[in-house]
Amino acid sequence: MMGATLRWVAAVSVVAVLLVSAACGGEGAGKKQSLPEGAGAVVREEDLPKDLSAYQRAILGDGILTAAEYQRAALDVVRCHKEAGASIVGYPAHPGEPGLKEPWWSPRGQYMYVPVYNENDAAAEEKTNACEDEYFRYIGPIWANYIAPTPREMQEARDIVGRCLRDIGIDVPEHPATQDLGPLLAARRQEPEVARCARLGADHIGMMFFAG
């Protein structure tokens, strides 16, 4: 995607990956998963900002953000970006991998999209902010928090990563804590075998990144 300005706009809970590859070498979106069942994320009126757009207030004002409402908002913000002149691509499935050619739904029910505006478009940042402010600025993070892995899921992922690391000769506890894995993964993630172990953890919790 040479000559294009790439902005990351989807809110990702648990960890924020600030740099993603702009190469769009991947095909499709992998497995498309169903959106989570249940009532949805609880939203308190007092937590909503005064400058919330009428679109988002109409969705959040009843105190619940449902899966169907999140899906509608995600598709509407993407439509807005397209109408403003952006191309829409997908996040890499894992850090360091090529980006995907199309947006995709994560296993936890999050829409992984990146609007790409031409670098010569002086209004690119203004257009990006306008679409996000209208449709997704608050809905995205609220949903990301709602679908975040539970403490039990996170410990299961740490156990999986720990077992994988021990198999390749790295000494970690049988039930590692965040402090056992976080610094190690941060320092050695560029090693292919360590990166493979980290991907196992990410896949278990249905996220694109596992930091420990």
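Residues numbered from 1 in each chain as written. Predicted model: local features only at pLDDT ≥ 70, side-chain atom pairs only at ≥ 80, totals over all residues. Heavy atoms only, no water.

**Thoughts on the overall build of the protein chain**
If you tally the helices and strands in the protein chain, you get 7 helices and 6 strands. The N-to-C order of helical and strand elements in the protein chain reads β-β-α-β-α-β-β-β-α-α-α-α-α. Residues counted as buried form 46% of the 212 residues belonging to the protein chain. The long-range share in the protein chain, meaning contacts at least 24 apart out of those at least 6 apart in sequence, stands at 67%. Approximately 11,000 Å² of the protein chain is accessible, and the part contributed by carbon and sulfur atoms is 52%. (Helix = DSSP H or I, 4+ residues; strand = E, 2+ residues; numbered from the N terminus. Buried < 20%, exposed > 50% of the residue type's maximum accessible area, 1.4 Å probe, protein only. Contact = heavy atoms within 4.5 Å. Areas by Shrake-Rupley, 256 points an atom, 1.4 Å probe, with all protein chains shown as cover.)

**Some points on the state of the cysteines**
A complete count under the given rule lists 2 disulfides for this structure. Between Cys-80 and Cys-131 runs a disulfide, and the two sulfur atoms are separated by 2.1 Å. With the S-S bond torsion at -80 degrees, the cross-link from Cys-80 to Cys-131 turns out left-handed. You can see Cys-80 sitting in helix 2 (residues 67–83) and its partner Cys-131 sitting in helix 3 (residues 124–135), a full 51 residues away along the chain. Each member of the pair, Cys-80 as well as Cys-131, carries the same accessibility label: buried. The disulfide pattern of the protein chain is 1-2, 3-4 when the bonded cysteines are numbered in sequence order. (Disulfide = S-S within 2.5 Å.)

**Thoughts on the packing of aromatic side chains**
This structure, assessed with the given rule, holds 8 aromatic pairs. Ring centres of Trp-105 and Tyr-111 lie 4.6 Å apart, and the angle between their planes is 35 degrees; on these two criteria the pair is classed as tilted. The exposure class assigned to Trp-105 is buried, which follows from its relative accessible area of 7%. Tyr-111 sits in the buried class, given a relative accessible area of 9%. Linked through ring pairs, Tyr-70, Trp-105, Tyr-111, Tyr-113, Phe-136, Trp-143 and Tyr-146 together constitute an aromatic cluster. (Phe/Tyr/Trp six-rings, centres within 6.5 Å; stacked < 30°, edge-to-face > 60°.)

The values are spatial; any link to function lies outside them.
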